[in-house]
Amino acid sequence: MAKTHEIQPLHGELGQLLPLLPVLDAVGQTRHVTAAAELLGVPQPTVSRALARAAAVVGTELVRREGRGIRLTPAAEQLLPSVRAALESLQGAIDLLHERRQEARGVVRLSFQMTFGEAAVPALIRSFRARHPNVRFELIQGSRERCLDVLAAGDVDLSVVSPVPRPGRQLDSRTLCVQPLRLAVPAAHRLAERGSVRFAEAAGEPFVVLERGYGMRSIGDRLFREAGVRPEVAFEGQDSRTLLGLVSAGLGVALVPPSRARLSAVHTRELGWAELELEDDDAVREIGLVWPKIVGEPLPVRLFREHVLAEPPEALLDAFGI
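Okay, so let's go over this structure. (Residues numbered from 1 in each chain as written. Predicted model: local features only at pLDDT ≥ 70, side-chain atom pairs only at ≥ 80, totals over all residues. Heavy atoms only, no water.)

**Comments concerning helix 10 (residues 299-309)**
Right, so step 1: The buried fraction of helix 10 amounts to nine of the eleven residues, a majority that puts the element mostly inside the structure.
Right, so step 2: Three or more residues of helix 10 are buried, namely L299, P300, V301, R302, L303, F304, R305, H307 and V308. (Buried < 20%, exposed > 50% of the residue type's maximum accessible area, 1.4 Å probe, protein only. Helix = DSSP H or I, 4+ residues; strand = E, 2+ residues; numbered from the N terminus.)

**Comments concerning the sheet that holds strand 12 (residues 273-278)**
Across a sheet, strands are paired by hydrogen bonds formed along the backbone, either parallel or antiparallel in direction.
Right, so step 1: Pairing is mixed in the open sheet, where four strands are placed in the order 8-12-7-11. Pairing within the sheet leaves two strands with one partner each, and these edge strands are strand 8 (196-197) and strand 11 (254-256).
Right, so step 2: In the sheet, strand 7 (residues 182-186) pairs with strand 11 via three bridges, with the strands oriented antiparallel. Bridging across to strand 11, A184 finds its partner in A254. (Pairing = 2+ DSSP bridges.)

**Quick notes on the side chain of Q113**
Right, so step 1: Topologically, Q113 is positioned in strand 3 (residues 106-113).
Right, so step 2: Not counting chain neighbours up to four residues away, the residues in contact with Q113 comprise Q141, G142, S143, R144, C147, V160, V161, S162 and G215. (Contact = heavy atoms within 4.5 Å.)

**Digging into the pattern of salt bridges**
Right, so step 1: All told, the structure shown has 15 salt bridges when counted by the stated rule.
Right, so step 2: For R64, the salt bridge identified is with E61, shortest N-O distance 2.7 Å.
Right, so step 3: Accessibility expressed as a relative area gives 34% for R64, which makes it partly exposed.
Right, so step 4: Judged by its relative accessible area of 39%, E61 falls in the partly exposed class.
Right, so step 5: A salt bridge links R305 to E297; the shortest N-O distance between them is 2.7 Å.
Right, so step 6: Look at R305 and you get buried, because its relative accessible area is 14%. (Salt bridge = Lys/Arg side-chain N within 4 Å of Asp/Glu carboxyl O.)

**Topic: the sheet that holds strand 4 (residues 135-142)**
Right, so step 1: Sheet architecture is open: five strands sit in the order 4-3-5-13-6, paired in mixed fashion. Strand pairing shows two members of the sheet lacking a second neighbour, strand 4 and strand 6 (171-180), which therefore form its edges. Adjacent strand axes in the sheet meet at a mean angle of 20 degrees when their direction is disregarded.
Right, so step 2: In terms of strand pairing, strand 3 meets strand 5 (residues 158-161) through three bridges, oriented parallel. By the bridge assignment for strand 5, S111 is matched with S159.
Right, so step 3: Each of strand 3, strand 4, strand 5, strand 6 and strand 13 (284-292) is contacted by helix 7 (residues 144-152), which is oriented at about 165 degrees to strand 5, the strand it contacts most. (Axes fitted to C-alpha atoms, helices over the stretch in contact; angles between N-to-C directions.)

**Considerations on the layout of surface pockets**
Right, so step 1: Approximately 600 Å³ is the volume found for the largest pocket.
Right, so step 2: In terms of lining residues, the largest pocket is bounded by 21 residues, among which R84, E88, Q91, I294 and E297 are the most central.
Right, so step 3: Within the residue set of the lining of the largest pocket, elements represented by two or more residues are helix 2 (21-30), helix 5 (74-100), strand 13 and helix 10.
Right, so step 4: The dominant element in the lining of the largest pocket, judged by the number of residues it contributes, is helix 5, at seven residues.
Right, so step 5: Tallied by class, residues from the lining of the largest pocket come to seven nonpolar, four polar and ten charged.
Right, so step 6: Space inside the second largest pocket adds up to approximately 260 Å³. (1 Å grid on protein atoms, 1.4 Å probe; cavity = no way out; pocket = protein on both sides within 12 Å on 5 of 7 lines; lining within 4 Å. Points joined across faces, edges and corners; volume = space filled by probe spheres on them. Nonpolar A, V, L, I, M, F, W, Y, C, P; charged D, E, K, R; others polar.)

**Re the pairing of strand 7**
Right, so step 1: Counting buried positions along strand 7 yields five of five residues, so the element is predominantly enclosed.
Right, so step 2: Taken together, the five bridges between strand 7 and strand 12 define a ladder with antiparallel strand orientation. Residue pairing for strand 12: A184 is matched across the bridge by E275.

**A closer look at the packing of aromatic side chains**
Right, so step 1: Under the counting rule described, the total for this entry stands at seven aromatic pairs.
Right, so step 2: With a centroid separation of 5.2 Å and an interplanar angle of 80 degrees, the aromatic rings of F128 and F304 are classed as edge-to-face. With a gap of 176 residues between them, F128 in helix 6 (residues 120-129) and F304 in helix 10 connect regions that are remote in the sequence.
Right, so step 3: Taking the relative accessible area as the measure of exposure, F304 reaches 2% and is therefore buried.
Right, so step 4: Ring centres 5.9 Å apart and planes at 45 degrees place the aromatic pair F199 and F207 in the tilted group. For the pair F199 and F207, one class covers both residues: buried.
Right, so step 5: Linked through ring pairs, F128, F137 and F304 together constitute an aromatic cluster.
Right, so step 6: It is R305 that lies over the ring of W291; its NZ or CZ is 5.0 Å from the centre. (Phe/Tyr/Trp six-rings, centres within 6.5 Å; stacked < 30°, edge-to-face > 60°. Lys NZ or Arg CZ within 6 Å of the ring centre and 35° of its normal.)

**Notes on the environment of R174**
Right, so step 1: Note on placement: R174 falls in strand 6.
Right, so step 2: Residue classification places R174 among the partly exposed residues on the basis of a relative accessible area of 44%.
Right, so step 3: R174 sits 112 residues away from E286 along the chain, and the two C-alpha atoms are 9.7 Å apart.
Right, so step 4: In this structure R174 touches V164, G288, L289, W291 and L309, once residues within four positions along its chain are discounted.

Spelled out as structure tokens, the structure:
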């Protein structure tokens, strides 16, 4: 006699709650009804009604009005981690099915700062496409400000920038590596033979700098303030390698990321520079990945994001030089 298996239907409350899980998760991420509606792409009343239905199912209120916003109740705070875990588990199973059927295809739209296109971003794309050859990339290169602007506008899915903006209501971010910066001086400069200097020792020197809106410019401005230095700006540019060329010509000194020796310009008797380590603890730049908090992130985007975040920081440091 064939063995029968007892069918276990979903518990009544669970069956009613399942369609509401994405709403609960979005509210948990944003802590705001309007922002949750924007994430889900639905009208705000839809989110409010879903919250009311979920409260009725679990038998306790999940949010309370607080001024013009909401506050999650202790019951919601207890429930939300399980909601997130359930959705991530289901999404992981679906993605695994797609990967097994080799359906990791589509487009990843990425913005990145100028110097990151020389080695770092190509290396990340190459290693990712070795596993997912059917994924295409649409790339936008520019200043930090432009990279974040196109991300906020929805024109790209991810952005590689420095400094890294802190996670907020709309965006999430992760630091990939922390890179010590250098002071580049002409080869015949009075400091050129020094192995390291304090940033304040460059006070009174003309500086060649990047234009406002570039990440290195904001870091440099901070270091100027902290050192009590009012810089004499000899040139404002858009490319760190141009700055090194002008340093070689004796136009000034510059705050730069480390140069990769194999890509540095050839030094001649007339042109050349020295890169000095900075002894200031905060003479560093954080380089990181930024992405919007959305529900239903496309599979290729999620896979590439996870690929980038899995890279060891020490493996990225040299690639993020110039």
